[in-house]
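So you can see what is in the structure, the chains are spelled out below.
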Amino acid sequence: MSTVVVQDDLGAVVELKRPVRRVISLVPSLTEAVAESDRSLLVGATDWCTHPVLDVPRVRGTKNPNVAAITQLRPDLVLANQEENRAIDVDRLRNQGIAVWVTKIESVDEALSSMTRLFAEGLGLGEPEWLSEAKTVWADVVPAPARKVVIPIWRDPWMVVGRDTFTGDLARRLGYDCVHAARDERYPKVSEAELNEGIDLAILPDEPYVFTETDGPEAFPGLPVALVDGRSLTWYGPSLRNAPQRIQNAVSRAHTKWGGREHGK
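Residues numbered from 1 in each chain as written. Predicted model: local features only at pLDDT ≥ 70, side-chain atom pairs only at ≥ 80, totals over all residues. Heavy atoms only, no water.

Caption draft 1: Geometry of the environment of P238. Here P238 shows up in the loop between α8 (230-234) and α9 (243-258). Overall, the relative accessible area of 1% leaves P238 in the buried class. A C-alpha to C-alpha distance of 7.3 Å links P238 and A134, two positions 104 residues apart in sequence. Discounting chain neighbours no more than four positions away, the residues touching P238 are E32, A33, E36 and W130. (Helix = DSSP H or I, 4+ residues; strand = E, 2+ residues; numbered from the N terminus. Buried < 20%, exposed > 50% of the residue type's maximum accessible area, 1.4 Å probe, protein only. Contact = heavy atoms within 4.5 Å.)

Okay, here's the thing in C-alpha cells:
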C-alpha cells in the first residue's frame, strides 16, 4: 500500500493511502457519484443521501455529522463540499487523522472539473462512464431563448437562488436567467411582492423545500410554473447527464398546463 499527497478543491493537502477502499460521503450528490461508479467503496453516508438506495451505516446529516461514528468506520477518505458541510466538522475529522476531500462547485464547469479531479486524484480511479457522458451532454447544450426566472428553494420565508450558485449557473446554461443573481446573498430572502417581479417563469424544485402542484404554484398567478425534481437542478453527479432534457421537459409541460391561466382556475 502506497501513500500519495494531493490537494482538494480548496487547496488543502490531503494525504491518501492507495488504493482507497473505504469512502464516507457527506454530500448526496457525491454519494450518488461514487455509488454509480463503484458502490463497493461506500461504507457510510448521511441521512440525506437518499439516491440511490444504499445499505450502509448512516452518520447523521450534512450539517451535523457524527464524528465518532465516522471515526469508527475507519474511512480511507471522507467526501465533503464547501457549501453543504461546515468547516468546523471538516476540521474535527482531520484532527482525528481522517483524510477529507472538500469539493467547491458553483457552476456546471466546476462540477465537471471537480468530479474529474476527485475520481482521478482523490479516489485513484479512471473517469467513470457517467462523467464522460455528462461532459458530452453539456458540451452540446443549446440554450433556449433567454427567459427571466425565479427559483425558490424555501418558503415562509421565501428564499431564492441568487449569485454564484451551481443551480443558477445550470439554469443560465439552459437559457434561464435568475432575476435575483445581482443580490449580495447567494440565497436571498425575498418578499411575496419581489417573488413575482420581472419574471417570465417560476421553476420550483422538490428539494430542499418540497414544492408540489398544491404548494407553491399558487404564489405565481398568471405565470407558468415548472415543477422539477431537485436532483436535475441541484445535484452535480450522474444526474447531470439527464438534467438539460428533464428541465426543458418540465418547462414545456408548464407552458402547456398553465398557458397563462391563473393557478387554481
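Caption draft 2: Region of interest: the side chain of S29. Mapped onto the elements of the fold, S29 is located in helix α1 (residues 28-38). Each residue touching S29, except ones within four places of it in the same chain, is listed here: T234, W235, Y236 and G237.

Caption draft 3: Fine view of helix α5 (residues 129-139). Taken together, the buried positions of α5 are occupied by W130, L131, A134 and W138. Burial along α5 is one-sided: seen end-on, the buried residues are contained in an arc of 95 degrees. Across from the buried face of α5, at angles greater than 90 degrees, the exposed residues are E129 and A139. (Arc of directions from axis to C-beta.)

Caption draft 4: Expanded view of the nonpolar core. Core analysis: the biggest nonpolar cluster contains 56 residues, and M115, L170 and Y176 have the highest contact counts within it. Considering every element that reaches this core, the biggest residue donor is helix α4 (residues 108-122), with six residues. Excluding residues that lie within four positions of it along the chain, L170 makes contacts with V108, W138, S232, L233, L240, A243 and I247. (Core = buried A, V, L, I, M, F, W, Y, C linked by side-chain atoms within 4.5 Å.)

Caption draft 5: Focus on helix α3 (residues 87-95). Of all the residues in α3, the buried ones are D89, V90 and L93. Across the axial projection of α3, the buried residues extend over an arc of 100 degrees, all falling on one side. When the buried face of α3 is taken as reference, the exposed residues oriented beyond 90 degrees from it are A87 and N95.

Caption draft 6: Structural view of the pattern of salt bridges. In this structure the tally under the stated criterion is 20 salt bridges. In this structure, D109 and R173 form a salt bridge, with 3.2 Å as the shortest nitrogen-oxygen distance. Of this pair, D109 sits in helix α4 while R173 sits in helix α6 (residues 166-173), and the two are 64 residues apart along the sequence. Take R173: its relative accessible area is 18%, and that puts it in the buried class. Salt-bridge contacts for R183 lead to E194; the nearest nitrogen and oxygen are separated by 2.9 Å. Of this pair, R183 sits in the loop between β10 (176-178) and β11 (189-190) while E194 is found in helix α7 (residues 192-195), placing the two residues 11 residues apart along the sequence. Of the residues examined, R183 reaches a relative accessible area of 26% and is grouped as partly exposed. Beyond isolated ion pairs, a larger network of salt bridges with shared partners links E83, K104, E106, E110 and R186. (Salt bridge = Lys/Arg side-chain N within 4 Å of Asp/Glu carboxyl O.)

Caption draft 7: Structural detail: the sheet that holds strand β12 (residues 201-205). On the basis of which strands lie adjacent, the open sheet formed by four strands has the order β10-β7-β12-β13 and parallel pairing. The open sheet has two edge strands with one neighbour each: β10 and β13 (225-228). Strand-to-strand twist across the sheet, computed as the mean angle between neighbouring axes with direction ignored, equals 35 degrees. Bridge count between strand β7 (residues 147-150) and β10: three bridges; the pairing is parallel. Bridging across to β10, K148 finds its partner in D177. (Pairing = 2+ DSSP bridges. Axes fitted to C-alpha atoms, helices over the stretch in contact; angles between N-to-C directions.)

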